[in-house]
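Listed here are the chains, written in short residue letters.
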Amino acid sequence: MASQKKTMRALQYDKYGGGAERLKHVEVPVPSPKKEEVLLKLEAASINPIDWKLQKGMARPFLPRKFPFTPGASLPTAASTALQQLKAAGVSSFDDGSGDTHGPKNVLVTAASGGVGHYAVQLAKLAGLHVTATCGARNLGLVGDLGADEALDYKTPEGARLQSPSGRKYDAVMHCATGTPWSVFAPVLADKATVADVTPGVAATAKSFLQKVTFAKQRLVPLLLEPKKEEMEWLVDMTRQGKLKTVIDSRYPLSRAQEAWAKSIEGHATGKIVVEMGGDE
Ligand SMILES: NC(=O)c1ccc[n+]([C@@H]2O[C@H](COP(=O)([O-])OP(=O)(O)OC[C@H]3O[C@@H](n4cnc5c(N)ncnc54)[C@H](OP(=O)(O)O)[C@@H]3O)[C@@H](O)[C@H]2O)c1
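How each quantity is defined
- Residues numbered from 1 in each chain as written.
- Predicted model: local features only at pLDDT ≥ 70, side-chain atom pairs only at ≥ 80, totals over all residues.
- Core = buried A, V, L, I, M, F, W, Y, C linked by C-beta atoms within 7 Å.
- Buried ≥ 20, exposed ≤ 12 C-beta atoms within 10 Å, placed from the backbone.
- Helix = DSSP H or I, 4+ residues; strand = E, 2+ residues; numbered from the N terminus.
- Contact = placed C-beta atoms within 7 Å.
- Pairing = 2+ DSSP bridges.
- Axes fitted to C-alpha atoms, helices over the stretch in contact; angles between N-to-C directions.
- Parallel < 35°, antiparallel > 145°, perpendicular 65-115°, else oblique.
- Left-handed = near helix turned anticlockwise from the far one by under 90°.
- Nonpolar A, V, L, I, M, F, W, Y, C, P; charged D, E, K, R; others polar.
- Near = placed C-beta within 6 Å.
- Domains from an automatic or database assignment.

The protein goes by Putative quinone-oxidoreductase-like protein, chloroplastic in an unreviewed UniProt entry, where it is assigned to Dichanthelium oligosanthes.

Right under this line is the structure:
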C-alpha cells in the first residue's frame, strides 16, 4: 500500500488580482528536498509588499507565475534590502559606528517607519552616519528611538520637500517611499549623491539611465534585492548582539493570514507584519 504523503497548511492564490480575499487556505504535500536543499519548519514569516505586488501581477511581464501559487516566507527581505541600499550608496563599514571616510555622511531614509526603512535607520547609525528620517507624525518618536538624528513628518510641507531640519544636504537617500519625482530630490542632495531607490517606477528608471550615460554626479540607482548568504548571516549576528531590532507592527496566526495581507496592502505598517505558523489556530 502506498504510504500517505504528509501534508502541511499553506496559503495560495490561483490567479492574478483579488487581494486578501482571493487567498485560500489549503493542504499541500510537504516538499521533498532535492540534493543540496534542506527542508525547514517555519515558525513565522512576514508579509512584504512584494508578496501582494506579485499577486497583483506587477511583475507579470518579467516573472510570470505558475498557479496555484504559494507565497514564500520572507522574514529577512526587509533587512537585506536596507543593507543592500546602504551598500549601493557607498557605505562599506557598519561595525564600529565611526563612519567611513570615503562613504556618505548624511543620509535620508524615507518611509523610515516601514519594514525596510526601520532597518535602514538602524544600519545607517551602525555605520556612523547622520540620519534624517521621514515618517508619519505618529512615528516621529519611534524613528528617533531607532537612532534617527532628525525626523520629518512626510505630510508637512517641509516633509514633502524632504528638507533636513538642520539644513543638511544628503550624500545618500535610502528611498523606501513611493512616487517621489527626481525634482523633489535634486534640491536636497549634495553635489555628489546617490538615491538608492527600492520602488523605482518607469520615470525613475529612465532618469537613472540618463544619469548613467551622462556620468551625472547625482544618481538615482534602482535596486532589486539579491539575497546573499553572508549578508543574512551578518544580519542575524547583528540581531543576536542586540544591535539590530525588529519592530513588530502586528502578529497574526496563519488562519488569519488574509488580515495580515490586507494590512500590508493598506501601506501603514510600523515595522513588520508577522504571520505565525505554530499553535493550533
Ligand atoms: N526593490 C526591492 O528589492 C524591494 C525589497 C523590499 C521592499 N521593496 C519595496 O519597498 C517599499 C517599502 O517596503 P516596506 O516593507 O518598508 O513597506 P511598508 O512597511 O508597507 O511601509 C509602510 C510605512 O511607510 C510609511 N510611509 C508611506 N508613505 C510614506 C511617505 N511618502 N513618506 C514617509 N513614510 C511613508 C507609512 O507611514 P504611515 O502609516 O504614517 O503612512 C508606513 O509606516 C515597498 O514599495 C516595497 O515593495 C522593494
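### Brief notes about the nonpolar core
General note: in soluble globular proteins, nonpolar side chains tend to be found buried as a group. Grouped together as the largest cluster of nonpolar side chains are 48 residues, with contacts concentrated most on Val109 and Ala120. Residue contributions to this core peak at 6 residues, all from helix H3 (residues 115–126). For Val109, the contacting residues outside a window of four places in its chain are Gly117, Ala120, Val121, Ala124, Val131, Ala133, Met174 and Cys176. Leu23, Ala260, Ala269 and Ile273 belong to the second largest nonpolar core, which has 11 residues in total.

### A closer look at the sheet that holds strand S5 (residues 130–135)
Spatially, S6-S5-S4-S7-S8-S9 is the arrangement adopted by the 6 strands of the open sheet, whose pairing is parallel. In this open sheet, the two edge strands, each paired with only one partner strand, are strand S6 (150–153) and strand S9 (218–222). Strand-to-strand twist in this sheet, taken as the mean axis angle between neighbours without regard to direction, amounts to 15 degrees. Where strand S4 (residues 106–109) and strand S7 (residues 170–175) come together, 3 bridges link them in parallel fashion.

### What about the environment of Pro181?
Here Pro181 shows up in the loop between S7 and helix H6 (182–185). In the structure, Pro181 is positioned 26 residues away from Lys207 in sequence and 9.8 Å away in space, judged by C-alpha atoms.

### Observations concerning the packing of helix H2 (residues 77–88) against H3
Between H2 and H3, whose axes approach to 8 Å, the crossing angle comes to 50 degrees. Judged by the angle between their axes, H2 and H3 are oblique. Along this stretch, H2 crosses H3, giving a crossing that reads as right-handed. Judged by residue contacts, Ala78, Ala79, Thr81, Ala82, Leu83, Gln85 and Leu86 of H2 engage Gly115, Val116, Tyr119, Ala120, Leu123 and Ala124 from H3. Class assignment for the residues of the contact of H2 with H3 results in 10 nonpolar, 3 polar and no charged.

### Quick notes on the site of the ligand
For the ligand, the set of nearby residues contains 32 residues, the closest of which are Gly114, Gly115, Gly136, Tyr154 and His268. Among the secondary structure elements, those contributing two or more residues to the shell around the ligand are helix H1 (49–56), H2, H3 and S5. Residues lining the shell around the ligand come from more than one domain, with at least three contributed by each of domain 1 (7–73 + 247–276) and domain 2 (77–222).

### Details of the sheet that holds strand S3 (residues 44–47)
Taken together, the 3 strands give an open sheet; going across it, the order is S3-S11-S10, and neighbouring strands pair in mixed fashion. Of all strands in the sheet, those with a lone pairing partner are S3 and strand S10 (248–253), marking the two edges. The average angle at which neighbouring strand axes cross in this sheet is 30 degrees, direction not considered. Where S10 meets strand S11 (residues 272–276), 5 bridges bridge the pair, whose relative direction is parallel. Across the sheet, Ser250 pairs through a bridge with Ile273, a residue of S11.

### Concerning the environment of Val195
Counting through the fold element by element, Val195 comes out in strand S8 (residues 189–197). Taking the C-alpha atoms as reference points, Val195 and Leu220, 25 residues apart in sequence, are found 4.6 Å from one another. When residues no more than four places from it in sequence are discounted, the contact partners of Val195 are Val173, His175, Phe185, Leu220 and Val221.

### Notes on the environment of Val38
For Val38, the location among the structural elements is in the loop between strand S2 (24–29) and S3. Residues Val38 and Gln163, 125 residues apart in the sequence, show an inter-C-alpha distance of 48 Å.

### A closer look at the domain arrangement of the protein
Assigned domains of the protein: these are domain 1 (7–73 + 247–276) and domain 2 (77–222). Counting residues at the interface gives 6 residues for domain 1, matched by 8 residues for domain 2. In terms of residue class, the side of domain 1 that touches domain 2 is built from 2 nonpolar, 3 polar and 1 charged.

### Topic: unusual backbone geometry
That bond from Phe67 to Pro68 is cis: its omega, -5 degrees, falls within 30 degrees of zero. By the element assignment, Pro68 lies in the loop between H1 and H2. For Ala111, which is not glycine, the phi torsion reads 55 degrees and is therefore positive. If you trace the backbone, Ala111 turns up in the loop between S4 and H3. Exposure remark for Ala111: the 25 C-beta atoms within 10 Å place this residue in the buried category. We note that Leu162 has phi near 60 degrees; this positive angle belongs to a residue other than glycine. Relative to the assigned elements, Leu162 resides in the loop between helix H5 (157–160) and S7. C-beta crowding within 10 Å serves as the criterion here: with 22 such atoms nearby, Leu162 is assigned to the buried category.

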